[in-house]
Each structure stands twice: as structure tokens, then as C-alpha cells.
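Listed below, chain by chain, are the residues.
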Amino acid sequence: MADGPFDLTAEQRALAELARQVAEERVAPRAAAIEEEDRFPEDLRRLFGELELMGLGIPETYGGGGAGLLAVCLVIEELARVSAAASLIVADHELGLLPVLLGASEEQKRAWLPEIASGRRLMAFALTEPEAGSDAAHLAMRAERRGDRYVLNGTKRFITHGNVADSLTVFASTDPEKGSKGITCFLVDRETPGLKVTKLERKMGLHGSPTAELSFQEVEVPVENRIGEEGQGFRIAMATLDHSRPGIAAQALGIAQGALDQAVAYARQRRQFGRPIGDFQAIQFMIADMAIGVESARYLTYKAATVVEEADAGRADWQLANRFSSMAKTYASDVAMRVTTDAVQIFGGYGYVADYPVERMMRDAKITQIYEGTNQIQRLVIARSYLG
Ligand SMILES: Cc1cc2nc3c(=O)[nH]c(=O)nc-3n(C[C@H](O)[C@H](O)[C@H](O)COP(=O)(O)OP(=O)(O)OC[C@H]3O[C@@H](n4cnc5c(N)ncnc54)[C@H](O)[C@@H]3O)c2cc1C
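Residues numbered from 1 in each chain as written. Predicted model: local features only at pLDDT ≥ 70, side-chain atom pairs only at ≥ 80, totals over all residues. Heavy atoms only, no water.

## Some details on the pairing of strand S1 (residues 123-126)
Residues Met123 and Phe125 point to one face of S1 and Ala124 and Ala126 to the other, with burial holding for every one of them. Relative to strand S4 (residues 167-173), S1 runs parallel, the two being bridged by 4 bridges. Bridging across to S4, Met123 finds its partner in Ser167. (Buried < 20%, exposed > 50% of the residue type's maximum accessible area, 1.4 Å probe, protein only. Helix = DSSP H or I, 4+ residues; strand = E, 2+ residues; numbered from the N terminus. Pairing = 2+ DSSP bridges.)

## Quick look at the nonpolar core
Of all hydrophobic cores here, the largest spans 81 residues; its most connected members are Val27, Leu44, Phe48 and Ile346. Residue assignment for this core shows that the elements contributing at least two residues are helix H1 (10-37), helix H2 (42-50), helix H3 (69-80), helix H4 (84-103), helix H6 (233-269), helix H7 (281-312), helix H8 (318-347) and helix H9 (358-368). It is H8 that provides the largest number of residues to this core, a total of 13 residues. Taken domain by domain, the makeup of this core includes at least three residues from each of domain 1 (10-118) and domain 3 (234-387). Look past the residues within four positions of Leu44 in its chain and what remains in contact with it is Arg26, Val27, Ile34, Ala86 and Ile89. Counting residues in each nonpolar core, the second largest holds 28 residues, with Leu97, Ala104, Phe125 and Phe234 among its members. (Core = buried A, V, L, I, M, F, W, Y, C linked by side-chain atoms within 4.5 Å. Domains from an automatic or database assignment. Contact = heavy atoms within 4.5 Å.)

## Considerations on the side chain of Arg245
Topologically, Arg245 is positioned in helix H6. For Arg245, the side chain forms a polar contact with the main-chain oxygen of Glu372, separated by 2.7 Å. (Polar contact = N/O pair within 3.5 Å; in protein donor to acceptor, adjacent residues only side chain to side chain.)

## Thoughts on the site of the ligand
Residues in contact with the ligand amount to 19 residues; listed here are only the nearest, Thr128, Ser134, Phe158, Thr160 and Thr374. At a separation of 2.7 Å, a nitrogen atom of the ligand approaches a polar side-chain atom of Thr128. At 2.8 Å, a side-chain N or O of Thr160 approaches a nitrogen atom of the ligand. Among the elements of the structure, strand S3 (149-160) and helix H10 (375-387) are those that each provide at least two residues to the shell around the ligand. The residues that make up the shell around the ligand include at least three from each of domain 2 (123-229) and domain 3 (234-387). (Near = heavy atom within 4 Å.)

## Considering the packing of H3 against H4
The packing of two helices is summarised by the inter-axis angle and the distance between the axes. It is the contact of H3 with H4, at a shortest axis distance of 7 Å, that shows an interaxial angle of 160°. Looking at the two axes, H3 sits roughly antiparallel to H4. By crossing handedness, the relation of H3 to H4 is classed as left-handed. Only Ala84, Ala86, Ser87, Val90, Ala91 and Glu94 of H4 make contact with H3, whose side of the interface consists of Leu69, Val72, Ile76, Leu79 and Ala80. Residue composition of the contact of H3 with H4, by class: 9 nonpolar, 1 polar and 1 charged. (Axes fitted to C-alpha atoms, helices over the stretch in contact; angles between N-to-C directions. Parallel < 35°, antiparallel > 145°, perpendicular 65-115°, else oblique. Left-handed = near helix turned anticlockwise from the far one by under 90°. Nonpolar A, V, L, I, M, F, W, Y, C, P; charged D, E, K, R; others polar.)

## Focus: the domain arrangement of the chain
Splitting the chain by domain gives domain 1 (10-118), domain 2 (123-229) and domain 3 (234-387). Taking only C-alpha atoms into account, the centre of domain 1 sits 22 Å from that of domain 2. At the interface, 23 residues of domain 1 touch 21 residues of domain 2. Where domain 1 abuts domain 2, roughly 1800 Å² becomes buried across the two surfaces, and 63% of that area is made up of carbon and sulfur atoms. Considering only the surface of domain 1 that becomes buried against domain 2, Phe40, Asp92 and Trp112 emerge as the three largest contributors, covering 27% of it. (Buried area = accessible area lost by both parts, 1.4 Å probe.)

What follows is the structure in C-alpha cells.
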């Protein structure tokens, strides 16, 4: 949350304060154990549901908080300050539910969103495949219509919470010849016969946030679970990512803020050559640069969330929202990588060992440069928004 006079409403400020309190009192004491045990923290998922943090971006008519994207970002930021894995419970649920919010019919929204908003139905988002990462339009997963059902066959890879979510928004091709215009989106319950978890990834970071490979073999999905029309799936996926990238920027920002907090506290307390290391100009300059990065990332992240909200309300251009969303994710994640690396440096040898959280923060920061579109892809998007 901004310390200075950033233009937050009283409601947004109150939500950020609540999230900070929850982060400090309920998440921070668990962060090292979540890392160590590398198990999805079900208790935190329930807690976030009870505190109504899981449906903040969903309008009140569908049982959500109606608080908007910036509020969602503020909550993710505060949680990520102490645990990136915990923040991903909120961020990935948001990613998984956005296709419903953006593409589903009124009837589907009324049927599904109240349970999703309460957090009782945890969502995940399944786009990536073994041969379709950055090139997400070239999906191999097929969805074939047979009467009143679709039958899905294929593999999804790197699906956050793919083994613990209750439902997934899944993208598959209904018409391979049409390329991206042949992709369709479905809501699929995880317990559907034929859907199996075939692998859980061993990762550099984000321990406690499982990443699953999912195999779909003759998975039957009723026609009523198709989101949008056939062929609208790619557009829904891209619109989802425009809305979700500010959340990843917020996650990166939170990780960076957490590392900066740790580095400042350590530089005050650690003594060498008879004085606190914070007395040395070399350390002071690192802290100054870290702080400049964090504050710049904060303003760009909040701006991106605001521009996306404005575009949703028809008051801003979608091209602008797309540009800012990509800019914030790219900049904040690059800042998070740099700031966490510098925090490890300020801790010296203690930064490299697991007794202190900064090495975890450095490993967690790395993913923010990769998922929801790598930073190379984001730079392409940003450049194209200028060059056409
Ligand atoms: C922990 C984790 C969680 C994830 N969660 C999810 C999830 O919940 N749902 C989901 O659908 N996906 C998820 N992903 C997938 C993630 O979004 C992809 O890994 C990412 O988009 C990159 O795809 P890729 O790994 O296939 O890399 P590739 O696309 O193979 O890219 C490899 C390298 O080439 C570069 N590259 C590719 N194309 C270009 C180009 N045109 N120009 C310049 N450089 C290029 C990339 O930037 C990268 O550096 C997750 C991944 C991880 C690791």
C-alpha cells in the first residue's frame, strides 16, 4: 500500500489495511512452514474466503465485493509482502474466474459466481500446453461436440492449483483449421471423469503453490458449461490476461516491498567494523535504488489497475489498458528480481541461507518475469501498441 497520498478511496485503504493485518498476523508466521512443507495451505484458502477476499473483483449482484481491480491488487500486494505462495491463492483464483466474469452468459454468472466469490469453489486457469506456451494460439487440446456435450482430449501443463482447484476454465480447440479463432472456453469441474493430475512440478520457488500437469482423456463437459460461443475462447483468454497482469505486477511489487523491508531492518541491526552496515554508503545506495524501484513499480501497478477499471467502464481505450497492464507486469517483475537479489546481497552469507526469508523472496520473484506471458512477450505487446 502506498505510504504517501496515492489516490486510494477510503474503502481501498481499509481493504489494504485489513490485508496487511491478515498478512502480518496470520500469514507471516506460516510463511516459512509453507515453504518447508511445500503443501497447499488449505487453511489460508478458507481464511481468505471467510474474510471475503476471494471475490473482491466480482460485482455485488453476483455475490462479490464489487471492490474493483485495484482493490484486488492491493490485497495481493500485501499478502505477497510476506508470502508469494499465499498471495497466489487470491491471484490465481482471480485468473481462473475472470473468463466467467468476462465471457459467460447472465444465467451462467448467476449460477456460478456466488460460490466462486465466496471462495467455496476455488478456480484455476488452464491455457498452457507442452507445445503451446508463449504461442498460446496453437493449442493441441481438442473439444469435440457430441450431442449435448463436448468431449475434451489433450494435456495442460504448468497449471497453478490444477490439483486443488474445484473448477478450471479450460481452453481447447473446437475447430483446429481456424487457429486462434477456433478456440473455445469451458468451465470444467476437477472431479470430472477422465481428468487426471499426471505430474506435480518440483519448482525453484513458489513452494506451497502446486503446479500441475493435467491429462484430459474423453472428458465430457455439458454444453451449458461452454463460456461464450465457439471460437471466442482466445479472445476471452487474452481479455482475462489483460485483467490479471496487474495482479501479477502487484504480487511482484509485494515481494519487492517485503525484501526491501527485510533489507532495511537488517542493515540497521547487522554490525561490522564496529558500526551498522547501513552506515556504509555502498549499502545506502543499494537501499535507495531498491526503494526507487519499489515506489515506481507501485505507481505503474496502481495506474494499470485503474486504466483497466476505466476501460471496463468504457472510459478508457482497451489498447491503453492492454499496454499499461503489460508495462506494469514487466516493470514490477523486473524490479522484484533486482530488489530481491540486492536484498540477498545486503544480508551477505545470511541472505544465501534459508534462516532468513530473502533467499525465498529471490526465488519467488523469478516466476513473475515468466508467467502470465514472459517479459519478452510483454515487451512485444508494448512495442506493438506504439508501432502498430
Ligand atoms: C509456476 C508456473 C505457474 C504457471 N501457471 C499457469 C497457469 O495457472 N495457467 C496457465 O495456463 N499457464 C501457467 N503457466 C505457464 C506460463 O504462463 C508459461 O510458462 C509462459 O507463458 C511461457 O511459456 P513456456 O514456458 O512454454 O515458454 P516458451 O514460450 O517456450 O518460451 C521460452 C523462451 O522463449 C521466449 N520467446 C518465446 N516466443 C518469443 C517471441 N516471439 N519473441 C521473443 N521471445 C520469445 C520466451 O520469452 C522465453 O524466454 C505457469 C508456469 C509456471 C512455471
